[in-house]
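Here are the chains, one letter per residue:
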Amino acid sequence: MRRLLSDLGAYAGGLVRDARSGWDHFFFAPADPTPLGLIRLAVGLLLLWSLGVTGLDLRAFLGSDGWADPAVVRLFLSERAPSAWSLWFWVPDAWLVPAWAACLAVVGLFAAGFGSRVTAVLAWAIAVSTTRRSPVTVFGFDDILATWAFYLAVTGASGRAVSVDRLITRYRLSRAVARRRPGAKGRIAWDEAGTGAPAASVGVNLGLRLIQLHLCLVYLMPGLSKLQGSAWWDGTAAWGIVAAGEFRRFDLTWLAEEPYWTYVVALATHAALAFELSYPVAVWVRPLRPLALAAASATHLAIGLTLGLTEFSLAMLAGNLAFASGPWLRSLVAGRPPAPTARVLYDGGCPRCRASMAVVTAVDPDRVFEPVDLTVTDLPAIHPALDREACMRSMHVVDARGRVSVGYDAVLTLAWRAPLLWPFAIAGSVPGVPILGRRIYDRIARSRPRDEACTDDTCGLHPPTQPRAEAGRTAR
Amino acid sequence: MRRDPADQVGVSGVDDRRGGWPVMGRRIVSAVLLFHIAAVLAGALAASPASELERKVVGPFGVYHEATNLGQSYRYYSPAPPPTPVVTATVAFDDGRPEATVRLPDRGLSPRLRYQRHLALAHHLFVDFDEARRFAGDGGRSRWARAYARHLGKTFPGARSVALTVRFHLIPDPARVRELRAEAGSRGVNLDAEEFYTVPERIGVFPCDAS
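What you see as residue numbers is a count from 1 along each chain, following the sequence as written. Lettering of chains starts at A and numbering of ligands starts at 1, both following the order in which they are written. Where totals are concerned, whole chains, interfaces and linings use all residues; where local detail is concerned, this predicted model gives features only for residues with pLDDT of at least 70, and gives and counts side-chain atom pairs only at 80 or more. Only hydrogens and water are removed before side-chain values are computed, so all heavy atoms of the structure are retained for them.

Section: the overall build of chain B
Line of reasoning, step 1. Secondary structure assignment for chain B yields six helices and four strands.
Line of reasoning, step 2. Each residue is assigned to one of three classes by its accessible area relative to the maximum for its type, calculated with a 1.4 Å probe on protein chains only: buried under 20%, partly exposed between the two thresholds, exposed over 50%. Across the 211 residues of chain B, 45% fall into the buried class.
Line of reasoning, step 3. In chain B, of all internal contacts separated by at least 6 residues, the share reaching a separation of at least 24 is 59%.
Line of reasoning, step 4. Only the protein chains shown count as cover for residues, with accessible areas throughout obtained via the Shrake-Rupley method and a probe of 1.4 Å. Surface exposure of chain B reaches about 10,800 Å², of which carbon and sulfur atoms provide 58%. Helix numbering and strand numbering both begin at the N terminus, where a helix is a DSSP run of H or I of at least 4 residues and a strand a DSSP run of E of at least 2. It only takes one pair of heavy atoms within 4.5 Å for two residues to be counted as in contact.

Here is the structure:
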């Protein structure tokens with residue numbers, strides 16, 4: 001008996017120690033911020049879209065004469081959720097449009113990752129306020145979005161990647177590196193500006209873990225609850241979803257015919273239930289995780305296409321990003337292993353060019369750009385076709401395949417390789433824009449200052465140690 | 001009480017921080033995490049059908065749920081995909097104008113998210129109407145119904161009254177769909193045909209000046 005008790009005690013003690021250690025490892029190990037940054041971007045854009053669409057019915061949804069009479073909403077909340085709150089209750093009708101516009105601006109900043117710690121809290125407050133002010137227009141999408149926004153707000157770490165905040169931090173670092181340029185013939189050590197891989201943090205891990213756990217619950221609960229319904233056992237439930245008259249986007253009534261009824265409808269029903277019940281387990285098993293995420297993607301794609309619940313599906317997919325690997329996500333744009341795919345030849349004697357390289361280094365997703373100061377480099381070693389005169393006239397980019405792009409086209413080449421510049425790349429590639437862009441670029445390049453005629457603070461900190469007349473004093 | 005060796009800084013020489021967080025910080029955050037996880041679980045489990053225990057456990061988390069907008073039950077499409085409530089509002093005027101009819105959801109709305117919001121309007125009205133009918137014995141006492149009528153009265157100046165009805169857009173019986181497909185051939189099946197709706201139920205007629 002004594003042995004039994006002592007063994008039981010040892011087992012219990014070990015269990016507690018292991019649980020504490022596992023808990024700490026699960027919640028307090030630093031994690032890569034890229035997935036959380038992407039979740040913030042997705043949640044921000046969805047919230048922006050939702051608010052924008054609300055703006056089409058602003059008075060009907062949030063005004064005092066709207067569907068949800070504020071007096072009734074207050075009564076409703078006082079009975080069912082007395083601690084619930086909404087900022088919209090304090091906004092008079094006359095201020096609805098300015099308040100809505102301010103909310104759009106805040107959510108836009110949140111999506112961009114600007115002032116993330118503050119804008120994340122404000123974006124969550126806006127999301128919750130809107131659902132509480134108009135509880136009759138709320139559906140699953142709003143709850144999921146507000147939940148992800150809550151985790152982004154309380155952990156305060158969503159701006160550590162894929163954000164303007166990080167871009168500013170990296171730009172400052174790159175600019176500081178540029179300022180340390182070791183003389184006119186020295187090379188700037190751009191590597192010292194760090195890589196594109198953001199630093200791991202515990203705050204990020206907390207955000208990801210909470211979203212992961214909550215996501216599992218969001219799948220598990222409907223899965224368990226569906227087990228009560230015979231339609232989920234007899235294989236007919238999927239019909240009830242695709243044939244629901246108010247949700248259908250396409251005519252799928254042919255699914256009532258054989259063999260689709262037996263094989264497609266039943267299979268879809270069983271697969272949906274199996275997915276919801278297995279996801280909360282499979283997604284934690286590393287070899288099965290890609291399968292679980294693929295199944296989630298397929299499920300939400302199907303929901304979005306057949307029911308038109310596109311926003312809900314996107315919100316759920318945003319949550320699934322919490323299980324994605326940061327290095328893998330970055331490798332989608334930076335390659336694996338990350339390797340320079342573009343050598344950027346710039347005029348090291350031009351302060352504006354050095355500042356531009358600081359921007360290029362700051363937006364570099366993961367060392368895919370290699371700035372090369374053409375004034376201290378043997379150009380033929382980089383590409384035999386490079387001409388120093390031409391390179392001094394405008395920026396050249398040489399990609400991994402040896403293709404050379406020049407001037408505005410070089411800027412576009414860089415923009416397409418840096419996700420943060422994709423909006424610029426898209427806008428700058430619209431037919432007609434490149435013609436204008438090349439003219440503007442050439443004008444700026446021709447009039448660019450060089451170190452003797454310094455005009456900005458970047459070069460002002462390190463005046464040239466010797467005349468650079470031979471390198472081309474005047475802009476060409 | 002035995003301490004985690006990692007906590008014994010200065011004794012074992014093992015670093016007492018994980019991820020740069022001090023022990024006290026981890027303990028405080030762990031307590032908050034435990035509370036939060038318990039709150040979310042309790043909220044998910046308390047929706048019907050739930051045991052008496054599950055309903056009692058959720059009580060202490062009520063304020064937290066309300067303040068954070070958490071505590072949802074996430075029981076989508078269960079126990080089976082439901083039919084969809086569709087609300088019709090008929091607005092009558094004093095000045096002889098013909099009656100105006102508003103359908104919730106309005107099929108003409110775009111983008112799709114606006115339509116989804118109108119589906120939610122109809123759903124929430126039906127839930128409130130059903131509760132009023134069951135607990136107060138009169139569906140016309142639905143507060144949302146009065147609020148909707150008030151809104152429609154303001155939307156249509158000069159409105160005398162708003163009559164609200166609700167019916168269900170049913171999930172079609174697959175056997176009937178097969179019959180119709182056989183009859184219709186390539187024209188397809190009209191899922192908006194009257195046979196796929198229930199008979200409208202009257203929620204109430206609400207005078208606009210008193211709504």
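Still more to cover.
Some details on the nonpolar core
Line of reasoning, step 1. Counting 119 residues, the largest nonpolar core has A:Y279, B:W144, B:Y148 and B:L164 as the members making the most contacts within it.
Line of reasoning, step 2. Per element, the largest residue contribution to this core is 12 residues, and it comes from helix α9 (residues 202-226) of chain A.
Line of reasoning, step 3. Discounting residues that sit within four places of it in the chain, B:W144 has contacts with A:A68, A:V72, A:V73, A:F76, A:P135, A:V136, B:H124, B:L125 and B:D128.
Line of reasoning, step 4. To form a nonpolar core, buried Ala, Val, Leu, Ile, Met, Phe, Trp, Tyr and Cys residues must be joined to one another through side-chain atoms within 4.5 Å. Ranked by size, the runner-up nonpolar core spans 26 residues in total, among them A:A178, A:V363, A:M395 and A:A418.

A word on the sheet that holds strand β2 (residues 100-104) of chain B
All names here are of chain B.
Line of reasoning, step 1. Here we have four strands laid out as an open sheet, ordered β2-β1-β3-β4, and antiparallel in their pairing. Unpaired on one side and paired on the other, β2 and β4 (201-207) mark the two borders of the sheet. Put simply, the sheet's adjacent strands are angled 15 degrees from each other on average, direction ignored.
Line of reasoning, step 2. Sheet topology places strand β1 (residues 84-93) next to β2; five bridges connect them, and they run antiparallel. From the neighbouring strand, V91 faces β2, where its bridge partner is A100.
Line of reasoning, step 3. Helix α5 (residues 143-155) contacts β1, β2, β3 (159-169) and β4 of the sheet and is inclined by roughly 130 degrees relative to β3. Two strands are said to pair when DSSP picks up at least two bridges between them. Between N-to-C directions, angles span 0 to 180 degrees; the directions come from axes that are lines fitted to C-alpha atoms, helices contributing only their stretch in contact.

Examining helix α7 (residues 140-155) of chain A
One turn of the α-helix equals 3.6 residues, which is why residues spaced by three or four share an orientation.
Residues and elements named next belong to chain A.
Line of reasoning, step 1. Expected span, for any helix, means 1.5 Å times one less than how many residues it has. The terminal C-alpha atoms of α7, which comprises 16 residues, lie 23 Å apart, in line with the 22 Å expected from a rise of 1.5 Å per residue.
Line of reasoning, step 2. Within α7, 15 of the 16 residues are buried, which leaves it mostly tucked inside the rest of the structure.
Line of reasoning, step 3. Within two residues after α7, G156 carries a phi angle of roughly 60 degrees, on the positive side.

Topic: the pattern of salt bridges
Line of reasoning, step 1. A pair is scored as a salt bridge if a Lys or Arg side-chain nitrogen falls within 4 Å of a carboxyl oxygen belonging to Asp or Glu. Enumeration over the complete set of coordinates arrives at 30 salt bridges over all chains.
Line of reasoning, step 2. Where A:E257 meets B:R181, a salt bridge forms, and the shortest distance between an N and an O atom there is 3.0 Å. Placement of the pair is A:E257 in the loop between α11 (237-242) and α12 (260-282) and B:R181 in helix α6 (residues 174-184), with the two residues belonging to separate chains.
Line of reasoning, step 3. Residue classification places A:E257 among the partly exposed residues on the basis of a relative accessible area of 24%.
Line of reasoning, step 4. Taking relative accessible area as the criterion, B:R181 reaches 21% and is therefore assigned partly exposed.
Line of reasoning, step 5. For B:E179, the salt bridge goes to B:R176, with nearest N and O atoms at 2.9 Å. In this pair, B:E179 and B:R176 both sit in helix α6, three residues apart, roughly one turn of the helix.

As for the confidence of the model for chain B
Residues and elements named next belong to chain B.
Line of reasoning, step 1. The score called pLDDT rates the predictor's confidence residue by residue, from a low of 0 to a high of 100. Mean pLDDT over chain B stands at 87; residues scoring 70 or higher make up 89%.
Line of reasoning, step 2. Contacts of residues 1-17 to residues separated by more than four positions or lying in other chains number 27 contacts, the stretch itself having pLDDT below 50.
Line of reasoning, step 3. Confidence metrics for the complex model read pTM 0.88 and ipTM 0.89.

Here's the deal with the sheet that holds strand β4 (residues 404-406) of chain A
All names here are of chain A.
Line of reasoning, step 1. Strand order in the open sheet formed by four strands is β2-β1-β3-β4, with mixed pairing between adjacent strands. Of all the strands in the sheet, just β2 (369-373) and β4 have a single pairing partner and so form its edges. Direction aside, neighbouring strands of the sheet carry axes that sit 25 degrees apart on average.
Line of reasoning, step 2. Against the sheet, helix α19 (residues 408-417) makes contact with β1 (342-346), β2, β3 (396-399) and β4, and its axis sits at roughly 115 degrees relative to β4, the strand it touches most.

Notes on the packing of aromatic side chains
All names here are of chain A.
Line of reasoning, step 1. For Phe, Tyr and Trp, rings pair up if their centres lie within 6.5 Å, where Trp contributes its six-membered ring, and each pair is then called stacked (planes under 30 degrees apart), edge-to-face (over 60) or tilted (otherwise). Taken as a whole and assessed by the stated rule, the structure comprises 24 aromatic pairs over all chains.
Line of reasoning, step 2. Between F275 and Y279, the aromatic rings sit 5.6 Å apart at their centres with planes inclined by 70 degrees, giving edge-to-face as the arrangement. Linking F275 with Y279, this pair stays in helix α12, spanning four residues, or about one helical turn.

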